[in-house]
Amino acid sequence: MPRTLAALLTSALSAALATGAAFGLVAALNTTPEQPNVPLVTFPEPAGDRSAPAPPTQTGER
């Protein structure tokens, strides 16, 4: 009987510890500030209103 009681207490304690750790992790993740969404590299806008030329179409003749 003492072994069964020890096993039951150990499993209950481990379940409580895992639940506490999960809630702690979620709380820690919710308190971290949101990172700004700023691109690391920016490219200048192309000059003019030109669009890229269309690629040549292939025909069945060669």
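Note that the coordinates shown come from a computational prediction; the quantities given were computed from them, not determined experimentally.

A. Here's a closer look at the overall build of the chain. Within the chain, the secondary structure is distributed over 1 helix and 0 strands. Scored against the burial criterion, the 62 residues of the chain give a buried share of 0%. Roughly 6,600 Å² of accessible area belongs to the chain as shown, and the carbon and sulfur atoms make up 66% of that amount.

B. Main features of a nonpolar patch on the surface. Taken together, the side chains of Leu 5, Leu 8 and Leu 9 present a nonpolar region at the surface, about 320 Å² in accessible area. Examined against the element boundaries, Leu 8 turns out to sit in helix H1 (residues 2–31). What makes Leu 8 exposed here is its relative accessible area of 55%.

The rules behind each value
Residues numbered from 1 in each chain as written. Predicted model: local features only at pLDDT ≥ 70, side-chain atom pairs only at ≥ 80, totals over all residues. Heavy atoms only, no water. Helix = DSSP H or I, 4+ residues; strand = E, 2+ residues; numbered from the N terminus. Buried < 20%, exposed > 50% of the residue type's maximum accessible area, 1.4 Å probe, protein only. Areas by Shrake-Rupley, 256 points an atom, 1.4 Å probe, with all protein chains shown as cover. Patch = residues over 30% accessible without salt bridge, like charges linked within 9 Å, V, L, I, M, F, W, Y side chains within 5 Å. Salt bridge = Lys/Arg side-chain N within 4 Å of Asp/Glu carboxyl O.

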